[in-house]
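Observations on the model geometry
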Amino acid sequence: MTTTFVSPRLLMIGGGSVGRLAEVLGQFGLSKPLVVTDPWMVSSGTVEKALAPLRAAGIAAGVFSDTVPDPTDTVIEAGVAAMKGGDYDCLVGFGGGSPMDTAKAMAILGAAAPGAKMRDFKVPAQANRAALPVICIPTTAGTGSEATRFTVITDTERDEKMLIAGLGALPLAAVVDFELTFSVPPRTTADTGIDSLTHALEAFVSKRANDEADEYALRAMRLIAPNLRTVYREPSNAVARAAMMKGATLAGIAFSNSSVALVHGMSRPIGAHFHVPHGLSNAMLLPAVTEYSLNAALPRYAEAARAMGIATSAEGDQSAGAKLLQELRDLNRDLAVPTPGAFGIDPAKWDGLLTTMADQALASGSPANNPAVPDAAT
Ligand code: NAD
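All values derive from a computational prediction rather than experimental measurement.

Take the pairing of strand E8 (residues 173-176) next. Side chains Ala173 and Val175 project from E8 onto one buried face, and the interleaved Ala174 and Val176 project onto a second face that is buried too. Taken together, the 2 bridges between strand E5 (residues 134-138) and E8 define a ladder with parallel strand orientation. The residue of E8 that forms the bridge with Cys136 is Ala174.

Spelled out as C-alpha cells, the structure:
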C-alpha cells in the first residue's frame, strides 16, 4: 500500500514565534506579503504582533482585513482583487480558521482563469494550483488550517459551505504561537478546542486512517484532552494554551492526511444555514455521532479513549468505548455547549432544511469516511 503524506514545508512552533515571521519569509526569499486577517485583529491591535516586527525588518506588508466568519465566495473575490492590485509575493493568513481559509482560497482562485468561481473547486475537484505561497499564523487553537490541504468557503448563492481540497490549499509554512490565544474568549476557546479534538478523533477512526496520520492524531489527543477544560477555565494558563495550540496543529496534520468524517460532514450545512460557529456545531454533534459510530470501530475508539487518558490499557474495548462516550457528554456539559434549541435554532426551519442539509453533507464526501456510513434517511 502507498501512503502520501503532506504538511507545510516549515512549521515554527512556540511562544513568541510570531515575532520571527520576517525570518520565515526570508528563508523562502519572500519580502512582499499581503496579510489576510479579520476586522477584530486590526481593531484590537493583535495583527500588529506580526506587522511591527516585519516593519522592524524593513518589510512593509499590505493588509486585507475584510474577512468574515465562515468566509464567503464574494469576500474571496474581493481578496483576489486586492492581491492582484499590489505587487505581493506571498499571502499571510493571520487569525482563526476564517482568515487562514480566506488566504488559501485567494491563492487558489487567483491562480485560475478569469471568470472562475470558488464553486469550481469544491470536492471532488482538486485545487492544486496557487497564485502565491501562503504562510499561516493561527490565533485560535482549533481548525488546524495552518497545516491542512483544505479550505472551507461558503457559496453565497446556495448557502453551502464547500470543502475545497488540494495542494493549492496547503500552506508553505506556519508560525504557531500559543501566546496569540491568551485573548480568545472562553466560548471560542471551548468551541475551537472541541473542533481540534474532533479532528484528531475523526482522523483516527476514519476509513482513511493510516499509520502516519495515526501518530499525529494520537499525539494531538494526548495534548488536547487533558488541557481543554483548563484553557476554558484558566485563559492565562500558558502550559495548557501551549499544549492546545500544538495539539490543534498536530490534529490538522492528522486529518489532512486521513480525513474528517460524519461530524464535519453534518456540521458544515448547520454552519451554513444557521450560522452556528464551526466548533460549536461540531460539539453539538460529537456525542451523538460517536454513539452512532462506536460499534463500527470499537477498538479504534477504545484506543482513542486510552490516548485521551480516560481509560487504562488494562481495560477492555467495550468499557473504554463507553467511557469515551461519557467523556464527550461530560465535556459538553463542562464547556457549557448549548443544545441546538438553546442556541436559537428554529425547529420549523430545521425540519424544512433537513433534506437539503443531508444532501449537502453527503455530497462533501466526509460522511463516507465514517466508520458507520449513513444514508440521507438516517
Ligand atoms: P474564526 O476564524 O471564524 O474566528 C472566530 C472569532 O474569534 C472571530 O470573531 C475572531 O475575530 C475571533 N478570534 C480569533 N482569534 C482570536 C484571538 N486570538 N483573540 C480573540 N478573538 C479571536 O473561527 P475558527 O473556529 O478559528 O475558524 C472557523 C473556520 O475555519 C470555519 O469557516 C471552518 O469551516 C474553518 N475550518 C477550516 C479547516 C481547514 O482545514 N481549512 C478546518 C476546520 C475548520
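Picking up after the structure, the text goes on.
With that out of the way, let us pick up the domain arrangement of the protein. One frequently used descriptor of interface size is the decrease in accessible area upon assembly of the parts. Domain parsing of the protein yields domain 1 (10-180) and domain 2 (187-369). Measuring from the centre of the C-alpha atoms in domain 1 to the corresponding centre in domain 2 gives 24 Å. At the junction of the two partners, domain 1 supplies 27 residues and domain 2 supplies 28 residues. Every element with two or more residues in the side of domain 1 that touches domain 2 is listed here: strand E6 (150-155), strand E7 (160-165) and E8.

As a structural note, the neighbourhood of the ligand is formed by 28 residues, with Gly96, Gly97, Ser98, Ser145 and Thr148 the closest of them. Mapped onto the shell around the ligand, the elements with two or more residues apiece are helix H5 (97-110), E6, helix H6 (186-205) and helix H11 (278-293). Of the residues in the shell around the ligand, the class split is 6 nonpolar, 18 polar and 4 charged.

Along the chain, Val123 connects to Pro124 via a cis peptide bond; the corresponding omega equals 15°. Assignment of secondary structure puts Pro124 in the loop between H5 and E5. For His275, which is not glycine, the phi dihedral falls at a positive 55°. Of note, His275 is situated in the loop between helix H10 (262-274) and H11.

With their axes 8 Å apart at the nearest point, H6 and helix H9 (residues 238-257) run at an angle of 40° to one another. When the axes of H6 and H9 are compared, the crossing they make is left-handed. On H9, the residues touching Gly193, Ser196, His199, Ala200, Glu202 and Ala203 of H6 are Met244, Gly247, Ala248, Ala251, Gly252, Ala254 and Phe255. Here the contact of H6 with H9 is built from residues that sort into 7 nonpolar, 5 polar and 1 charged.

Another aspect to go through is the nonpolar core. By size, the foremost hydrophobic cluster in this structure holds 122 residues, and its most contacted members are Leu91, Ile164, Ala200, Ala217, Met221 and Ala254. Among the elements that line this core, the one with the most residues is H9, at 11 residues. The residues that make up this core include at least three from each of domain 1 (10-180) and domain 2 (187-369). Other than its neighbours up to four places away in sequence, Ala200 contacts Ala217, Ala220, Met221, Ile224, Ala251 and Ala254.

This part covers the sheet that holds E8. Strand order in this open sheet of 6 strands is E1-E8-E5-E4-E2-E3, and the pairing throughout is parallel. Here the strands that pair on one side only, and so sit at the sheet edges, are strand E1 (10-13) and strand E3 (62-64). Within this sheet the neighbouring strands show an average axis-to-axis angle of 20°, counted without direction. Sheet contacts for helix H4 (residues 73-84): strand E2 (33-36), E3 and strand E4 (90-95); angle to E2, the most-contacted strand, approximately 160°.

Here is what the cut-offs are and how they apply
- Residues numbered from 1 in each chain as written.
- Predicted model: local features only at pLDDT ≥ 70, side-chain atom pairs only at ≥ 80, totals over all residues.
- Buried ≥ 20, exposed ≤ 12 C-beta atoms within 10 Å, placed from the backbone.
- Helix = DSSP H or I, 4+ residues; strand = E, 2+ residues; numbered from the N terminus.
- Pairing = 2+ DSSP bridges.
- Domains from an automatic or database assignment.
- Contact = placed C-beta atoms within 7 Å.
- Near = placed C-beta within 6 Å.
- Nonpolar A, V, L, I, M, F, W, Y, C, P; charged D, E, K, R; others polar.
- Axes fitted to C-alpha atoms, helices over the stretch in contact; angles between N-to-C directions.
- Left-handed = near helix turned anticlockwise from the far one by under 90°.
- Core = buried A, V, L, I, M, F, W, Y, C linked by C-beta atoms within 7 Å.

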